[in-house]
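Coordinate inspection notes
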Amino acid sequence: MGSIKIEGLKKSFGNQVVIPGADLEIENGEFVVFVGPSGCGKSTLLRVVAGLEEPTAGRILIDGQDVTHAAPARRKLAMVFQSYALYPHMTVQQNIAFPLKMAGASADLIKTRVHEVAKSLDLLPYLERRPRALSGGQRQRVAIGRAIIRQPTGFLFDEPLSNLDAALRVSMRKEILDLHGRLRSTMIYVTHDQVEAMTMADRIAVMNAGRVEQFDTPLELYRNPANLFVAGFIGSPK
Ligand code: ADP
Ligand code: MG
């Protein structure tokens, strides 16, 4: 469970063509990074996969099912944004529980799941705190906790670490990769940071002006960049 296929995807806003055409096949359990300069359409592509934007043309398939016009909640994908967007008036516990509560889960189930999730993210000591009493890294973990509580088949991260300082970014990268190792869920991770892409990804989609220039492993991109843009962006010697 968790393959994601992007087929002949186009997206325009008015007469601005943001994605002239994208095709990608992401396998179940892969950690895929979309990387490219600011404004190249990474967030737009991710938002189309999430169902937050309608594509102008093309299809999105999850596990072979056409979800192009399905509501975000029906796609079983959890989205983690760069701004943590936690509810400031709710405790950590309430923040993590929120999606389950909205889905109408029983109080018992909510309690059990919140405990499991908080434990796996080392958040048990902070359950009664409000977001303002947490560090940046702890807040990010609460955002991840809120994303995993409904046991999604896939995760979509949009520059989740760009608000954090350099040291924290390094440790959070590791936490996200540990999470991937434990859950083995498909993850798409958007960043404009080449180092983040090269160190985290199973495969990287290098984007430029709404096109996927190359989709390959970090090693292949480095050894055999498809063109000068990829070579320049990845920093390989070609
Ligand atoms: P990235 O995430 O790679 O920085 P985005 O996907 O956010 O790039 O943006 C790509 C282009 O699409 C930009 O020119 C941006 O202004 C435009 N864009 C994104 N969302 C909208 C929107 N809702 N309405 C109009 N233009 C948009
Ligand atoms: Mg973006």
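Bear in mind that the values here come from a model prediction, so they are computed numbers and not experimental data. (Residues numbered from 1 in each chain as written. Chains lettered and ligands numbered in written order. Predicted model: local features only at pLDDT ≥ 70, side-chain atom pairs only at ≥ 80, totals over all residues.)

**Considering the overall build of the protein**
Note the threshold: Working definition: helices are DSSP H or I runs of at least four residues, strands are E runs of at least two. Numbering for both runs from the N terminus. Our radius of gyration is a C-alpha quantity, and the globule rule it is checked against amounts to 2.2 Å times the number of residues to the power 0.38. Burial in this document is a count-based property: other C-beta atoms within 10 Å of a residue's C-beta are tallied, and the residue is buried at 20 or more, exposed at 12 or fewer, or partly exposed in between, with C-beta positions derived from the backbone. Note that contacts rest on C-beta atoms placed from the backbone: two residues are in contact if these are within 7 Å.
Each helix and strand counted, the protein has eight helices and ten strands in total. Computed over the C-alpha atoms, the radius of gyration of the protein is 18 Å, within 12% of the 18 Å expected from 2.2 N^0.38 for a compact globule of 238 residues. Taken across its 238 residues, the protein has 39% of its residues classed as buried. A separation threshold of at least 6 residues defines the contact pool for the protein, and within that pool the share at least 24 residues apart is 66%.

**Things to note about the sheet that holds strand E4 (residues 57-62)**
Put simply, the rule is: Only strands that DSSP links by at least two bridges are regarded as paired with each other. Every axis in this analysis is a line fitted to C-alpha atoms, fitted for helices over the stretch in contact. Angles between the N-to-C directions lie between 0 and 180 degrees.
Reading across the sheet, the four strands line up as E2-E1-E4-E5 and stay open at both edges, with antiparallel pairing between neighbours. On the outer flanks of this sheet lie strand E2 (16-26) and strand E5 (65-66), each paired with one strand and no other. Sheet topology places strand E1 (residues 4-13) next to E4; five bridges connect them, and they run antiparallel. Across the sheet, Glu7 pairs through a bridge with Arg59, a residue of E4. Those strands touched by helix H1 (residues 42-50) are E1, E2 and E4, and its axis lies near 120° from that of E1.

**Some points on the nonpolar core**
Stated precisely, the cut-off is as follows: Take the buried Ala, Val, Leu, Ile, Met, Phe, Trp, Tyr and Cys residues, join any whose C-beta atoms are within 7 Å, and the set you get is a nonpolar core.
One finds Val33, Phe34, Val49 and Ile188 to be the most contacted residues of the largest nonpolar core, which totals 58 residues. The contacts of Val49, once residues within four sequence positions are left out, are Ile4, Ile6, Ile60, Leu156 and Ile188.

**Points about the site of ligand 1**
Going by this rule: Using the backbone to place each C-beta atom, any residue with that atom within 6 Å of a molecule or strand is considered near it. Think of it as three bins: nonpolar holds Ala, Val, Leu, Ile, Met, Phe, Trp, Tyr, Cys and Pro, charged holds Asp, Glu, Lys and Arg, and polar takes everything else, Gly as well.
Taken together, Phe13, Val18, Gly36, Ser38, Gly39, Cys40, Gly41, Lys42, Ser43 and Thr44 make up the full set of residues adjacent to ligand 1. Per element, the largest residue contribution to the shell around ligand 1 is three residues, and it comes from H1. In terms of residue class, the shell around ligand 1 is made up of three nonpolar, six polar and one charged.

**Some words on the pairing of strand E8 (residues 186-191)**
Filter applied, for reference: The handedness of a crossover follows from its direction of travel: if, with the strands pointing away from the viewer, the path from the first strand over the helix to the second runs clockwise, the crossover is right-handed.
The buried fraction of E8 is high, at six of six residues. Here E8 shows no split at all, with Thr186, Ile188 and Val190 on one side and Met187, Tyr189 and Thr191 on the other all buried. Across five bridges, strand E7 (residues 154-158) lies against E8 in parallel orientation. Looking at E8, one finds that Gly154 is bridged to Thr186. The handedness of the E7 to E8 crossover, carried by helix H5 (residues 166-183), is right-handed.

**Considerations on the packing of helix H2 (residues 92-102) against helix H3 (residues 107-120)**
When two helices pack together, you describe them by how their axes are tilted relative to each other and by the distance separating the axes. To be explicit about the condition: An angle below 35 degrees is read as roughly parallel, one above 145 as roughly antiparallel, one from 65 to 115 as roughly perpendicular, and any other as oblique. Two helices cross in a left-handed way if the nearer one is turned anticlockwise from the farther one by less than a right angle. They cross in a right-handed way if the turn is clockwise.
It is the contact of H2 with H3, at a shortest axis distance of 10 Å, that shows an interaxial angle of 130°. Compared by their axis directions, H2 and H3 come out oblique. The crossing of H2 and H3 is right-handed. In this structure, H2 uses Gln93, Ile96, Ala97, Leu100 and Lys101 to contact H3, whose residues at the interface are Ile110, Arg113, Val114, Val117 and Ala118. The residue inventory of the contact of H2 with H3, partitioned by class, reads seven nonpolar, one polar and two charged.

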